Amino acid sequence: MTNEQAGGRVAVVTGASRGAGKGIALALGETGATVYVTGRTAQEGDAALPGTVFATAEEIDRRGGTGIPVVCDHRDDAQVEALFGRVRAERGRLDVLVNNAFVVPDQLANPGPFWSKPLALQEMFDVGLRSSYVSGYFGAPLLAGTGGGLLVNTSSFGGTCYMHGPAYGSVKAGADKMAHDMAVDLEPFDVAAVSIWMGLLRTERTEAALNADPERYGELTAMAESPEFTGRVIAALAAHPDRMRYSGKVLVGAELGAELGVVDVDGKAPASHRQFLGSPVEFSEAVVE
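Computed from a prediction, not measured in an experiment: that's the story for all the values here. (Residues numbered from 1 in each chain as written. Predicted model: local features only at pLDDT ≥ 70, side-chain atom pairs only at ≥ 80, totals over all residues. Heavy atoms only, no water.)

Asks: Please clarify how the side chain of S135 should be interpreted in this entry.
Replies: With respect to the helices and strands, S135 occurs in helix α5 (residues 123–146). A relative accessible area of 1% means that S135 is categorised as buried. Ignoring sequence-local partners within four residues, the contact set of S135 consists of T14, H74, V80, F84, L97, N99 and A140. (Helix = DSSP H or I, 4+ residues; strand = E, 2+ residues; numbered from the N terminus. Buried < 20%, exposed > 50% of the residue type's maximum accessible area, 1.4 Å probe, protein only. Contact = heavy atoms within 4.5 Å.)

Asks: How do you make sense of the pairing of strand β4 (residues 96–99) when you look at a structure like this?
Replies: Look at any regular strand and the pattern is simple: side chains alternate between the two faces of the sheet. Alternating positions in β4 separate into two faces, V96 and V98 on one and L97 and N99 on the other, with burial throughout. Bridge analysis of β4 against strand β5 (residues 150–156) gives four bridges, and the strand direction is parallel. Following the sheet pairing, L97 is matched in β5 by L151. In this view, the connection linking β4 to its parallel neighbour β5 by way of α5 has right-handed handedness. (Pairing = 2+ DSSP bridges. Right-handed = clockwise from strand over helix to strand, strands pointing away.)

Asks: Just to check I follow, could you spell out the layout of surface pockets for this structure?
Replies: Leftover empty space is mapped by rolling, across the atoms, a probe with the size of a water molecule. A volume near 630 Å³ is recorded for the second largest pocket. Residue lining of the second largest pocket: 24 residues in total, with H180, Y246, S247, G248 and K249 positioned closest to the centre. When contributions to the lining of the second largest pocket are tallied by element, the ones reaching two or more residues are α6 (166–186), β7 (250–252) and α10 (253–260). The residue makeup of the lining of the second largest pocket, split by class, is 13 nonpolar, four polar and seven charged. (1 Å grid on protein atoms, 1.4 Å probe; cavity = no way out; pocket = protein on both sides within 12 Å on 5 of 7 lines; lining within 4 Å. Points joined across faces, edges and corners; volume = space filled by probe spheres on them. Nonpolar A, V, L, I, M, F, W, Y, C, P; charged D, E, K, R; others polar.)

Asks: What is the right way to look at the pattern of salt bridges in this model?
Replies: Note on pairing: side chains with opposite charge can pair once their charged atoms come close. Under the definition given, this model contains 14 salt bridges. Across the pair E228 and R63 runs a salt bridge whose closest N-O atoms are separated by 2.8 Å. Taken together, the positions of E228 in helix α9 (residues 227–239) and R63 in the loop between α3 (53–62) and β3 (66–71) put the pair 165 residues apart, joining distant regions of the chain. Given a relative accessible area of 13%, E228 falls into the buried group. (Salt bridge = Lys/Arg side-chain N within 4 Å of Asp/Glu carboxyl O.)

This is the structure we're talking about:
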């Protein structure tokens, strides 16, 4: 999607202080879009990892878009409602909503059965699953009123394979089904809804883990995608004349990127991990109201 094609597009990317959300926001901003960047981190040092909503917004500006930072705790429904009220008041439209806000507990990747891990892992149900529903709830009227838009839930292969235990897997499977069902409700308004499975991303968190043990994780480093790759895929899908054909589906980002001719920031096409981790689920076409 070029700047001319994007002309006036408005996007909201949740959880974009760093990581996947930041990469997605930057890629959308690079097309010339206005991107509302949400997250809890307002100042460096507020979180263990680097990044703030203001830094992401400033980088969007440098890349030719318009970045609007919004400090928002996605556990607080009133803050989320205020976010979309602000978008309506300031822009009067919404073309792309990316539900990416997610809590990553420190103990998530610890070995052992789920009952040996802290019960606090259930925080992912709140910011990761419930938060996507709430953002969709308040963002959908704007998307429907604008028409021609796109709603994306970011997800992963953990939606169908065992990955980090049942809490993580339930969140990802739920995000996939949520996108499918939202697609049914959004179809009359010419708004597509999809879930996109991301691969291993070179985020601040992942880079720290890989750098801590390069011998162990060397091969993973070579397989990793940049956080911006998913954003490039989303931008291409949002501009695709036949984007409604994808609505309601769970899509592997690497495969969708290859189909749409999208490459990563290094010019390479990331590989799909379907062969090793499994395939997205296909939902029934039945609709029971």
